[in-house]
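# Breakdown of the fold
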Amino acid sequence: MAQRHVVVVPPPDLDGSRSIKDLLELLRQQGCETTVSSLDHVAGAPPGAHAVFVFRSLEAVLVEAMTRGVQPSSPVNAWIKSATAILDAHAAHAPSALLVDFADLEFSAPAVVEHVLAETDLPRRRGRRAAKGDPVLRALARTATAETPKARKLIRDLNAAALLTAPDGTHADTAFLYYSGILKNRDQAAQELAAASLAEISGERNRLRAEVARLRTALAAKPATLLGATVGFGPTFAHPAFYALETSAKGRAFRWMGRESEAVIPVTITPGNAVKVAVTIELVIDGDALDGLEIGLGGQIATRYETRMQPNGQIVKSAEFTGLPPDSETLDVVLRQRHVLDCTPHGDTRTLGCGLVGLSVVPVPPEPPAEKVAPPPDADDDEPVPPVPEAVAVAPRAPMGVAPKPVVPRPATRTVGAPGAPLSVVILVDEGFDEAAFYPLEHRPDGLPFAWMGVRDEQAFTVTIPLDRPVRVEAHLAVVIDDEALSGLEIEFDQEEPQSVETSGEGGCIVKSAVFAPIDPTRALSEPVQVVLKATHAVDLTDKGDGRTLSVGLHKLVVRQL
């Protein structure tokens, strides 16, 4: 039999590791000629040579990074690029190429040699790996992996093509037992530090308890306390309009609506002048399903809605109702799904609309009368003021409301078909906006709210959107510190760079938008994905009497399908 030439392609910086050296020695003992190469040079291997591509799992990379004190999100981009290159090279050298996880080499190197020498394909077998890093970090690594759809897909592709099948990963129980062991074996200094921290927490807890007691006493003195209601669509919830409970990629429970087009859910509340119904949505099948979700209460169907993306990626669609029966404490919430998608072409026999987490019904207290505010004193001419765009007239925001429209007793009509209207997601900078890279909320002279970016130079937002269409991400900026900050603002979508970037104006804002290609044309269902803003230029205003470092002032972020 002719001598085999085997080219081993290890991960960067691991070509001299003990596992790689042992693999090369085993191959030489079997009469193979061996060469160590890299992804950039493997194309120059001799004709007929066998290639063994060795990769590192994302979990192993993240555990090693966290052990060094690096946040788990930092190495993901580099790993994605490396894994993509390895899969491409493996495909280019098939069928005389093997793909092996570096963690398998410690105990399974003989199995790799066996496959190299085999004249015919051998069945895959389960890998044997030594667990590296403590289970808590491994569990955190799996959580970080679950937050990145592109990484999850690459992991599936690597495991499907690998010579040895992956063993079971770290479970939560294992991580908890390890964590419990850490607590039991702490040294005296750690115990004293924990005791001091606990004393601080206990003092704060007692202070908060006293404050809660004071507030309860004050509320009890008020004659008409408004009470709301919350309905969760969890394990104990059952309704024929909903499918069985599921868990999203973020680990949150939800139910798809679509078995029936209408759900009537009774709630008990204290009626007020106005009542707000808010529905929390984990996933939507497409833009038409979100637009077609109607909300009703007490015999009315809303005609105006407010839809907002939460920082955790969930969508909240809400409506306010007035003119409700003053005597009734039990009212029917009506949810109508006007559009659903037949998922049969995707291997799912269900018809799906929105994936719902739950709903809340809250009486809206009357707004207090507006207070007169004294005009600010004249600013010192020498005091530096950050540049602000020219003031523009802003139309007053129309209040939400409904038309008193009776609930029709017949089933609601709905459309069933292919995905329709593109989905748009909006993250507004308002009183509830609290992101680590941004300073507190401010307002322009014309009243437009915004927040300066500059506490950190990078901010990730989680949005829930299908990945089968092109996407445009728009950063609506109320103000920029200078032209370099505008040109230096970078936008990423699911770890990808944009195909094109442009700057325009809209509604008194500077709009920097980036267009991205479809991530995966087969993934028509909505799923959480990260949008990242990076400020590569900022101005330190310390020498001008302002201790902040500022780049751009964000008014809202819009993510829309094209």
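Residues numbered from 1 in each chain as written. Predicted model: local features only at pLDDT ≥ 70, side-chain atom pairs only at ≥ 80, totals over all residues. Heavy atoms only, no water.

### Here we look at the packing of helix H1 (residues 18-29) against helix H4 (residues 105-117)
Helix-helix packing is characterised by the crossing angle of the two axes and by the distance between the axes. As a reminder of what qualifies: Each axis is a line fitted through C-alpha atoms, taken for helices only over the stretch in contact, and angles between the N-to-C directions span 0 to 180 degrees. Runs of H or I in DSSP of at least four residues are treated as helices and runs of E of at least two as strands, each being numbered from the N terminus. A crossing counts as left-handed when the near helix is turned anticlockwise from the far one by less than a right angle, and as right-handed when that turn is clockwise. Should any heavy atoms of two residues lie within 4.5 Å, those residues are counted as being in contact.
With their axes 10 Å apart at the nearest point, H1 and H4 run at an angle of 30° to one another. Once H1 is placed against H4, the crossing between them reads as right-handed. Residues Ser19, Ile20, Leu23, Leu26 and Leu27 of H1 form the contact with H4, whose own contacting residues are Leu105, Glu106, Ala109, Pro110, Val112, Val113 and Val116.

### What to know about the packing of aromatic side chains
Rule in force here: Only rings of Phe, Tyr and Trp enter the pairing, Trp through its six-membered ring, and a pair is recorded when the two centres are within 6.5 Å. The plane angle decides the type: under 30 degrees is stacked, over 60 is edge-to-face, the rest tilted. Each residue's exposure class comes from its accessible area (1.4 Å probe, protein chains only) as a fraction of the maximum for that residue type: buried when under 20%, exposed when over 50%, partly exposed otherwise.
Taken as a whole, this structure holds nine aromatic pairs when the rule is applied. Ring plane angle 85° and centroid distance 5.4 Å describe the contact between Phe237 and Phe242, whose orientation is recorded as edge-to-face. We classify Phe242 as buried; its relative accessible area is 2%. For the ring pair Phe433 and Phe438, a centre distance of 5.3 Å and an interplane angle of 80° mean the geometry is edge-to-face.

### As for the environment of Leu26
For Leu26, the position within the fold is in helix H1. In this view, Leu26 contacts Ala109, Pro110 and Val113; residues no more than four positions away in its chain are not counted.

### Overview of the layout of surface pockets
The condition that has to hold: Here the term cavity refers to a set of points on a 1 Å grid, laid over the protein atoms alone, in which a 1.4 Å probe fits but cannot get out; the term pocket refers to an open set having protein on both sides within 12 Å along at least five of seven lines, with lining residues being those that place an atom within 4 Å of a point. Grid points are joined across faces, edges and corners, and a volume is the space filled by probe spheres set on the points. Three categories are distinguished: nonpolar for Ala, Val, Leu, Ile, Met, Phe, Trp, Tyr, Cys and Pro, charged for Asp, Glu, Lys and Arg, and polar for the others, with Gly belonging to the last.
A volume near 720 Å³ is recorded for the second largest pocket. Elements with a minimum of two residues in the lining of the second largest pocket: helix H3 (76-93), helix H5 (135-146), strand S25 (458-465) and strand S30 (527-535). Across the lining of the second largest pocket, the residue classes break down as seven nonpolar, ten polar and seven charged.

### Notes on the pairing of strand S4 (residues 97-101)
Keep this limit in mind: At least two DSSP bridges between two strands are needed for those strands to be called paired.
The element S4 is extensively covered by neighbouring structure, given that five of its five residues are classed as buried. Bridge count between strand S3 (residues 50-55) and S4: five bridges; the pairing is parallel. Counterpart to Val54 in the pairing with S4 is Val100.

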